[in-house]
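Summary of structural features
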Amino acid sequence: MNFIRGVISGQPAGPQHSGVETIQKLCDRVASSTLLEDRRDAVRALKSLSKKYRMEVGSQAMDHLIRILQTDSADSEILGYALDTIYNIICSDEEDEQDESEEEMQKQVDDVGAQFTERFIQDPENITLLLTLLEEFDFHVRWPGVKLLTALLKNQCAQVQGIILVSPMGVSRLMDLLADSREVIRNDGLLLLQQLTKSNAAIQKIVAFENAFERLLDIITEEGTSDGGIVVEDCLLLLLNLLKNNSSNQNFFKEGSYIQRMKPWFEVGDDNAGWSAQKVTNLHYMLQLVRVLVSPVNSPGATASCQKAMFHCGLLQQLCTILMATGVPADILTETINTVSEVIRGSQVNQDYFASVNAPSNPPRPAIVVLLMSMVNERQPFVLRCAVLYCFQCFLYKNQKGQGEIVATLLPSTIDANSISAGQLLCGGLFSADSLSNWCAAVALAHALQDNLTQKEQLLRVQLATSLGKPPVSLLQQCTNILSQGDKISRRGSKVQTRVGLLMLLCTWISNCPIAVTHFLHNQENVPFLTAQISENLGEDERLVQGLCALLLGICIYYNDNSLENYTKDKLKQLIEKRIGKENFVEKLGFITKHELYSRAAQKPQPVFSTPEHMLFDHEFTKLVKELEGVITKAVHKSSEEEKKEEEVKKTLEQHDSIVTQYKELIREQDAQINELKAQVASMTSQSEQMQATITQQLTQIQQHKDQYNILKLKLGKTGDQSASQGEGAHVNGLQSEELSQLREELEELRRQHAQQQTQLAEQDTLIASLKSEAAHSAEAAEGTSANAELLKELEALRAQVMSQAADINQLTESQELLRRAEAVQSGPGSVDNGVDMARVAELEKQLAAQSTEAQKLQEEVKGLNASRAGMEADLASATSTAAILQAEVSKLQQEVQESKKEQDDLLMLLADQDQKILTLKQKLKDLGETIEDEDDLDSKDQSEDDEDEEEEEEDDE
């Protein structure tokens with residue numbers, strides 16, 4: 001025990017021992033001591049020696065320390081010592097001062113740490129044990145455990161990640177560290193999660209779904225957002241790990257409405273001077289976080305949804321405020337420009353908003369103009385100019401409206417002499433003495449023409465005044481003049497850079513635009529200059545210029561409409577064969593893709609260059625080269641006869657395609673008509689079914705009335721037989737009064753039903769008239785014939801109903817007569833034989849008179865119903881004749897339908913023959929080496945061209 005205390009206190013206890021012997025004795029004490037206090041003191045002594053004798057303690061005590069973690073888990077103090085000792089073995093925080101260089105020393109330290117880490121994680125249970133210890137709330141256990149696991153992840157990240165991933169609740173235990181009230185553990189937990197989430201999408205998803213976004217954003221808000229300290233930076237780095245190249249987490253972040261919570265981060269005041277280095281770092285990472293969500297490498301759908309959310313929550317507006325603010329540090333301004341670029345890239349709404357942003361100047365100027373002024377200003381930092389170029393490219397990406405607005409500022413009718421426009425700045429940069437400004441302006445102008453045939457033709461109208469007394473020249477002519485005089489003009493920077501920029505602009509301009517090709521070839525000096533450049537044997541720096549000249553000449557061949565007699569396709573190919581040679585031409589064309597800077601530019605849209613001299617290729621231009629290199633090579637090697645055959649085959653294919661398209665349209669129209677007629681027939685069928693149901697219901701009601709009438713008639717017969725006695729006569733009289741009231745109600749009901757049936761008859765007449773008009777256009781008249789037959793049956797049923805009602809009224813009249821006779825029997829013999837009161841007789845007489853009046857009314861109703869029945873019979877005869885006419889028309893329509901089907905069969909036979917011919921012609925084209933597009937590709941291409949035409953018409957209307 002005294003020996004251990006001597007080691008800990010640093011004082012000798014008895015004879016002096018070497019470090020190795022001391023460590024050996026301490027390890028024996030840890031392994032053999034039965035008292036917890038002795039083991040605790042031994043481990044504490046090993047901790048004190050672990051920094052100085054790292055290798056010795058690690059090699060001898062590692063296993064004993066792991067056993068302590070397993071067996072003495074109840075004592076937090078010895079656990080803390082053991083964890084600290086293992087941490088010191090694996091990760092050395094002190095720098096040993098030796099003669100070796102710092103780099104070599106660090107390498108040795110890392111190697112030792114990696115060896116001990118690998119030894120520790122050989123048994124995955126050690127990591128599981130460490131995760132269990134992290135659940136301890138005791139500070140002396142939890143904090144060393146966090147540091148140790150972080151060091152293990154730094155040394156052997158992939159292996160430790162795999163063990164934690166398969167450990168039950170492993171990631172969840174680590175997420176609990178963020179909720180610890182002790183800031184030091186929470187902050188070290190952030191560092192641990194940073195290491196844990198590196199390059200592991202599975203762990204990133206688990207951490208995200210453990211509510212990491214909510215907790216991290218809360219910590220950032222608590223710490224003061226961009227004004228916070230290093231903790232905010234750690235949170236942002238963890239968020240970047242979770243979101244970068246992880247589409248699932250990005251979608252979860254957007255769906256959780258966390259983008260809206262980012263807006264307050266970018267609120268800046270009027271006075272932006274004196275930003276601390278930590279605030280600059282925090283804001284830089286915040287901007288990177290926005291860029292991760294809208295990066296061009298993400299899926300287009302995810303990027304578009306994030307861009308939309310950023311616009312609606314005001315985040316884009318806040319970024320534009322920083323863009324136009326004063327006093328913002330240069331690196332933050334550069335990163336803000338890059339961020340705004342990717343937020344608006346490809347989003348029409350965001351691009352329109354950015355076009356409306358004005359700088360707070362007097363007078364106000366558009367933000368685009370202010371940024372372009374920085375781009376063409378050679379005194380601005382290089383990275384800032386690159387960022388402005390990227391912003392301008394993103395503003396014009398898939399934005400034909402913006403392209404038109406930029407080109408319009410160059411046209412004579414829209415130039416304002418009192419203000420600086422974007423077009424004037426681009427022209428100024430294009431013809432300045434700074435080669436970098438030339439390149440940036442040329443690339444920016446090329447993006448204003450990208451995939452926009454209308455603007456390529458409009459730009460041909462631009463005229464430039466070169467000097468006093470000389471006529472203006474076109475912009476195209478001026479570009480070619482500068483290109484041909486490149487070596488004679490003194491410039492600051494690389495002359496190759498200027499020529500490359502102008503050649504990229506010309507290639508983009510005249511590609512897929514035969515009119516621009518004609519204008520370019522109209523200048524007699526252009527073709528000789530290009531052939532001279534290609535045929536010369538120039539130095540290494542000029543090889544790229546030769547390749548671009550070959551590309552430009554190849555575009556003139558491929559998109560040539562042979563409108564100029566001296567420069568047709570055949571004559572240009574003959575010129576290449578005589579002056580340059582086909583093989584040499586193709587070799588020079590291949591110089592472009594073989595250039596080392598070409599592959600860098602093709603990787604991502606953002607122009608990132610280490611030095612201005614490396615600024616040679618544009619990302620969109622690399623796509624154009626990839627598209628045109630193969631077709632130009634084929635076009636140069638093809639003979640005139642092959643081209644003629646190809647043109648003939650193309651024309652034949654176009655004719656057949658047009659015929660097929662016409663037949664397709666005809667079939668579509670007929671299908672639409674058939675569907676419409678089917679819908680009409682279905683509607684008429686449903687109406688007929690409804691009417692049939694109504695008639696059935698009415699028949700049921702009539703049958704019920706008949707049954708009631710028969711019951712009343714039987715009752716009246718019984719009362720006639722019992723009229724001899726006075727008492728019974730009085731009872732019958734009362735019964736007759738009730739039955740008479742019921743008969744009246746039934747008569748009223750019959751009247752109402754009669755009126756309804758007349759209304760239905762009128763509706764059926766209207767329906768017959770509409771059927772007559774529709775039958776002329778019906779392609780399936782057979783079903784119409786069945787509908788008319790059903791209507792005739794319904795009319796017959798209604799006629800039978802009317803006759804039945806007339807019979808019912810006659811029966812009611814007979815019933816009235818029987819009632820009258822019964823009253824007569826009651827009033828006659830009853831007054832003589834029984835001496836009934838005269839007042840009673842008078843009352844019965846009044847009732848009899850009323851019943852007589854009612855019977856007369858009923859007879860009049862019967863006459864009216866008879867007249868109505870006659871009218872309905874006349875209507876029925878008319879309807880019968882109409883049905884006959886319709887039946888004749890239906891037979892005629894059936895004949896027409898048969899003829900139409902026969903015509904369609906003939907058309908299908910013709911289409912089959914044409915398809916066979918097309919397949920034969922396509923096979924011939926394939927044998928000739930021509931690439932054939934499928935019919936679906938042609939349809940989609942035609943559709944896209946139609947959409948572009950519609951958008952251009954809308955712009956012209958505006």
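Residues numbered from 1 in each chain as written. Predicted model: local features only at pLDDT ≥ 70, side-chain atom pairs only at ≥ 80, totals over all residues. Heavy atoms only, no water.

Details of the overall build of the protein chain
In terms of regular secondary structure, the protein chain is built from 41 helices and four strands. For the protein chain, the residues scored as buried account for 46% of the 958 residues in total. The contacts of the protein chain with a sequence gap of at least 6 include a subset with a gap of at least 24, amounting to 74%. Accessible surface for the protein chain amounts to roughly 48200 Å². Of this, 50% is attributable to carbon and sulfur atoms. (Helix = DSSP H or I, 4+ residues; strand = E, 2+ residues; numbered from the N terminus. Buried < 20%, exposed > 50% of the residue type's maximum accessible area, 1.4 Å probe, protein only. Contact = heavy atoms within 4.5 Å. Areas by Shrake-Rupley, 256 points an atom, 1.4 Å probe, with all protein chains shown as cover.)

Side note on the packing of helix H16 (residues 277-293) against helix H19 (residues 330-344)
Contact geometry for H16 and H19: axes closest at 9 Å, N-to-C directions at 15 degrees. Looking at the two axes, H16 sits roughly parallel to H19. Between H16 and H19 lies a crossing of left-handed hand. Facing H16, whose interface residues are Val-280, Leu-283, His-284, Leu-287, Gln-288, Val-290 and Arg-291, H19 presents Asp-331, Ile-332, Glu-335, Thr-336, Asn-338, Thr-339, Glu-342 and Val-343. (Axes fitted to C-alpha atoms, helices over the stretch in contact; angles between N-to-C directions. Parallel < 35°, antiparallel > 145°, perpendicular 65-115°, else oblique. Left-handed = near helix turned anticlockwise from the far one by under 90°.)

Looking at the environment of Leu-83
You can see Leu-83 is positioned in helix H5 (residues 76-90). Assessed through its relative accessible area of 0%, Leu-83 is described here as buried. Through-space distance from the C-alpha of Leu-83 to that of Leu-65 is 8.1 Å; in sequence the pair is 18 residues apart. Sequence-distant contacts of Leu-83, that is, excluding residues within four places in its chain, are made with Leu-69, Leu-130, Leu-133, Val-141, Pro-144, Gly-145 and Leu-148.

Focus: the confidence of the model for the protein chain
For the protein chain, the mean per-residue pLDDT works out to 81, and 75% of the residues sit at or above 70. Ignoring residues within four places in sequence, the model shows residues 723-736, a span with pLDDT below 50, making 19 contacts including any to other chains. (pLDDT = per-residue confidence, 0-100.)

Quick look at the packing of aromatic side chains
This structure, assessed with the given rule, holds 11 aromatic pairs. Judged by centre distance (5.6 Å) and plane angle (90 degrees), the ring pair of Tyr-598 and Phe-617 falls under edge-to-face. Residue Tyr-598 is located in helix H35 (residues 596-601), and its partner Phe-617 is located in the loop between H35 and helix H36 (619-637); the two are separated by 19 residues in the primary sequence. Each residue in the set Phe-209, Phe-213, Phe-252, Phe-253 and Tyr-258 is aromatic and connected to the rest through ring pairs, giving one cluster. (Phe/Tyr/Trp six-rings, centres within 6.5 Å; stacked < 30°, edge-to-face > 60°.)

Concerning the side chain of Lys-254
Mapped onto the secondary structure, Lys-254 falls in helix H15 (residues 247-255). Since its relative accessible area comes to 18%, Lys-254 is described here as buried. A distance of 2.7 Å separates the side chain of Lys-254 from the side chain of Glu-255, its partner in a polar contact. Residues contacting Lys-254, with those up to four places away along its chain left out, are Ile-259, Ser-305 and Cys-306. (Polar contact = N/O pair within 3.5 Å; in protein donor to acceptor, adjacent residues only side chain to side chain.)

A short note on the pattern of salt bridges
Once the charged atoms of two side chains with opposite charge are near each other, the side chains can pair. Counting across every chain of the model gives 21 salt bridges. Linking Arg-44 and Asp-41 is a salt bridge whose minimum nitrogen-to-oxygen distance equals 2.5 Å. Taken together, the residues Arg-44 and Asp-41, both in helix H3 (residues 36-50) and three residues apart, mark about one turn of the helix. Three or more residues are tied together by salt bridges with common partners; here these are Arg-40, Asp-75 and Glu-77. (Salt bridge = Lys/Arg side-chain N within 4 Å of Asp/Glu carboxyl O.)

Some thoughts on the packing of helix H20 (residues 348-356) against helix H22 (residues 382-396)
The geometry of a pair of packed helices is captured by two quantities: the angle between their axes and the separation between those axes. Two numbers describe how H20 lies on H22: the axes approach to 9 Å, and their chain directions differ by 125 degrees. The angle between H20 and H22 places the two elements in the oblique class. The segment H20 lies against H22, with Gln-351, Phe-354 and Ala-355 engaging Cys-391, Cys-394 and Phe-395.

Remarks on the state of the cysteines
By the definition in use, this model includes zero disulfides. Cys-320 carries a free sulfur, and the closest cysteine sulfur to it, the one in Cys-391, is 8.3 Å from it. (Disulfide = S-S within 2.5 Å.)

So, helix H32 (residues 569-580)
Residues spaced three or four apart along an α-helix point in a common direction, a consequence of the helix completing one turn every 3.6 residues. Given a rise of 1.5 Å per residue, 12 residues ought to cover 16 Å, and the 16 Å separating the end C-alpha atoms of H32 matches this to within 8%. The set of residues buried in H32 consists of Lys-569, Leu-572, Lys-573, Ile-576 and Ile-580. For H32, the buried positions fall inside an angular range of 100 degrees around the axis, keeping them on one side. In H32, the exposed positions that point more than 90 degrees away from the buried face belong to Glu-577, Lys-578 and Arg-579. One or two steps after H32, the chain reaches Gly-581, where phi turns positive at roughly 100 degrees. (Expected span 1.5 Å × (residues − 1). Arc of directions from axis to C-beta.)

Regarding helix H18 (residues 315-324)
Most of H18 is tucked away, with eight of its 10 residues classed as buried. Every buried residue of H18 is listed here: Leu-315, Leu-316, Gln-318, Leu-319, Cys-320, Ile-322, Leu-323 and Met-324. Taken together, the buried residues of H18 touch H16, helix H17 (300-312), H19, H20, strand S1 (358-359) and helix H21 (367-375).

Quick look at the side chain of Asn-350
Tracing the backbone shows Asn-350 in helix H20. When sequence neighbours within four positions are dropped, the list of residues in contact with Asn-350 reads Gln-307, Phe-311, Leu-316, Val-343 and Ile-344.

Section: unusual backbone geometry
Phi at Ser-257 is positive, roughly 60 degrees, even though this residue is not glycine. For Ser-257, the position within the fold is in the loop between H15 and H16. The class for Ser-257 is partly exposed, based on a relative accessible area of 38%. A positive phi angle, near 60 degrees, is found at Asn-562, a position not held by glycine.

Some thoughts on a negative patch on the surface
On the surface, Glu-896, Glu-899, Glu-903, Asp-905 and Asp-906 cluster together into a patch of negative charge. Secondary-structure assignment places Asp-905 in helix H40 (residues 838-927). (Patch = residues over 30% accessible without salt bridge, like charges linked within 9 Å, V, L, I, M, F, W, Y side chains within 5 Å. Lys, Arg positive; Asp, Glu negative; His and termini not counted. Charge placed at Lys NZ, Arg CZ, Asp CG, Glu CD.)

Concerning the environment of Cys-440
Along the polypeptide, Cys-440 turns up in helix H25 (residues 435-449). Residue Cys-440 is classed as buried on the basis of its relative accessible area, which comes to 0%. For the pair formed by Cys-440 and Val-376, sequence separation is 64 residues and the distance between their alpha carbons is 7.5 Å. If we ignore the near neighbours within four places in the chain, the residues touching Cys-440 are Met-375, Leu-389 and Met-615.

Observations concerning a nonpolar patch on the surface
Residues Leu-165, Val-166 and Ile-206 make up a contiguous nonpolar surface patch of roughly 250 Å² in combined accessible area. With respect to the helices and strands, Val-166 occurs in helix H9 (residues 157-166). Judged by its relative accessible area of 66%, Val-166 is exposed.

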